[in-house]
Amino acid sequence: EDPSLERHFKGHRDAVTSVDFSLNKKQLASGSMDSCVMIWSMRPHMRAYRFVGHKDAVMCVQFSPSGHLVASGSRDKTVRLWIPSVKGESTAFKAHTATVRSVNFSSDGQTLVTASDDKTIKVWTVHRQKFLFSLSQHINWVRCARFSPDGRLIVSASDDKTVKLWDKTSRECIHSFCEHGGFVHHVDFHPSGTCIAAAGTDNTVKVWDVRMNRLLQHYQGNAEVNSLSFHPSGNYLVTASNDSTLKILDVLEGRLLYTLHGHQGPAICVAFSRAGDLFASGGSDEQVMVWKTNFDAADYGDVLKPQKPFANVDGTQPTPHSEMDCGVHLKKTKTQDPGRNYTQPEEEATLTNTLEHIMGQLDVLTQTVSILEQRLTLTEDKLKECLENQQKIIQNKTS
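Small disclaimer: the values here were computed from a predicted structure and weren't measured. (Residues numbered from 1 in each chain as written. Predicted model: local features only at pLDDT ≥ 70, side-chain atom pairs only at ≥ 80, totals over all residues. Heavy atoms only, no water.)

Caption draft 1: Summary view of the overall build of the protein chain. The secondary structure content of the protein chain amounts to two helices and 29 strands. Out of the 399 residues in the protein chain, the part that is buried amounts to 53%. For the protein chain, the exposed surface amounts to about 18,400 Å²; the carbon and sulfur share of it is 52%. (Helix = DSSP H or I, 4+ residues; strand = E, 2+ residues; numbered from the N terminus. Buried < 20%, exposed > 50% of the residue type's maximum accessible area, 1.4 Å probe, protein only. Areas by Shrake-Rupley, 256 points an atom, 1.4 Å probe, with all protein chains shown as cover.)

Laid out in structure tokens, this is it:
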């Protein structure tokens, strides 16, 4: 069965910038340019809560792992921690000297990482909102920062066109991924913690292995990608784009599975529920949509056994499925419209996707070749240096 529209929430008065499910799926939080945080009940006929407190647009929201708190970041430079109940009590703290673009809880719920237009990433304790440390090597706005599942790493995405990987303990940047051709809007860790996916204004989604720091996959779209979210099984990725579509990518196969049409105008944010059976999206049309994933039940077996991405059956060193794999995957893209529940095969889309897939693989090859060339040049330089040093030593001995 294809993904289908399950619920439709209206109440925001401006573009929806961020969505997140609580652990038990009973609530959904959303943030909007209207300066409000809304908590929607997934149970029928239950009222939504509108939380007022931020003085300017809310850029990001996230439930704590336990679901007892919601963090939000705003253009008013503050972060608020809300109790998602009728009263909607909150505490606020001035987190940055510019817009706060991103808030993310560590998996133990003890710390919070925030990212801002002041070009820094900051880490805080949740308990007393005590500032711990700052990471500052980006040279432009930082759009997104996320903890790794084990909490040891932080990944960040910036308008300086880089994705940076940080060691939380040493507070040092371990690696910079510079392959994006535009601003990087969003980045997140694969549930296994071994990979990251990033999306941006160059219309691409890229997946990197963080153990070997190499590009594994490259998906070429035809519009800016604003947000992405991994399915808890790690086998799928959902994206939200400026062309108003949501796309579901099969990460294991390295191909596009579904294109969903629901929003009128750019789709700004998207997130899977913690169980993966639902995902929510928000857009510039002020709407929050909840979709039923409807993937085969077989995939839910994968959720129960945490899957390492790209792992071989015999347990040997994983080789990425789609790097250097120019095998043509012919799969119809299915179009979903809230008003119609039938799917229309799109032969042209299939061909386009196949061509885009091949182009993506060629890009990967080009980048791999360019990396190899750089390494060769370095080796040649080193060799030259050695020879020159030898010459000097010989000259010194003879003179």
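Caption draft 2: Focus on the pattern of salt bridges. For the structure on display, the rule yields 11 salt bridges. Across the pair Asp117 and Arg101 runs a salt bridge whose closest N-O atoms are separated by 2.8 Å. Within this pair, whereas Asp117 is found in the loop between β11 (111-116) and β12 (121-125), its partner Arg101 is found in strand β10 (residues 100-105), the two being separated by 16 residues in sequence. Of the two residues examined, Asp117 and Arg101, each falls in the buried class. (Salt bridge = Lys/Arg side-chain N within 4 Å of Asp/Glu carboxyl O.)

Caption draft 3: Representation of a negative patch on the surface. Where like charges cluster on the molecular surface, the negative patch consists of Glu380, Asp381, Glu385 and Glu388. Relative to the assigned elements, Asp381 resides in helix α2 (residues 347-398). Assessed through its relative accessible area of 44%, Asp381 is described here as partly exposed. (Patch = residues over 30% accessible without salt bridge, like charges linked within 9 Å, V, L, I, M, F, W, Y side chains within 5 Å. Lys, Arg positive; Asp, Glu negative; His and termini not counted. Charge placed at Lys NZ, Arg CZ, Asp CG, Glu CD.)

Caption draft 4: Local environment of the environment of Leu252. One can find Leu252 in the loop between β24 (245-250) and β25 (255-261). The class of Leu252 is partly exposed, set by a relative accessible area of 23%. The sequence separation of Leu252 and Asn235 amounts to 17 residues, and the corresponding C-alpha distance is 5.8 Å.

Caption draft 5: View of the sheet that holds strand β5 (residues 49-52). Spatially, β2-β3-β4-β5 is the arrangement adopted by the four strands of the open sheet, whose pairing is antiparallel. A single partner strand is all that each edge strand has here, and the edge strands are β2 (16-21) and β5. Within this sheet the neighbouring strands show an average axis-to-axis angle of 20°, counted without direction. Examined bridge by bridge, strand β3 (residues 27-32) and strand β4 (residues 36-41) share five bridges and lie antiparallel to one another. Following the sheet pairing, Gln27 is matched in β4 by Ser41. (Pairing = 2+ DSSP bridges. Axes fitted to C-alpha atoms, helices over the stretch in contact; angles between N-to-C directions.)

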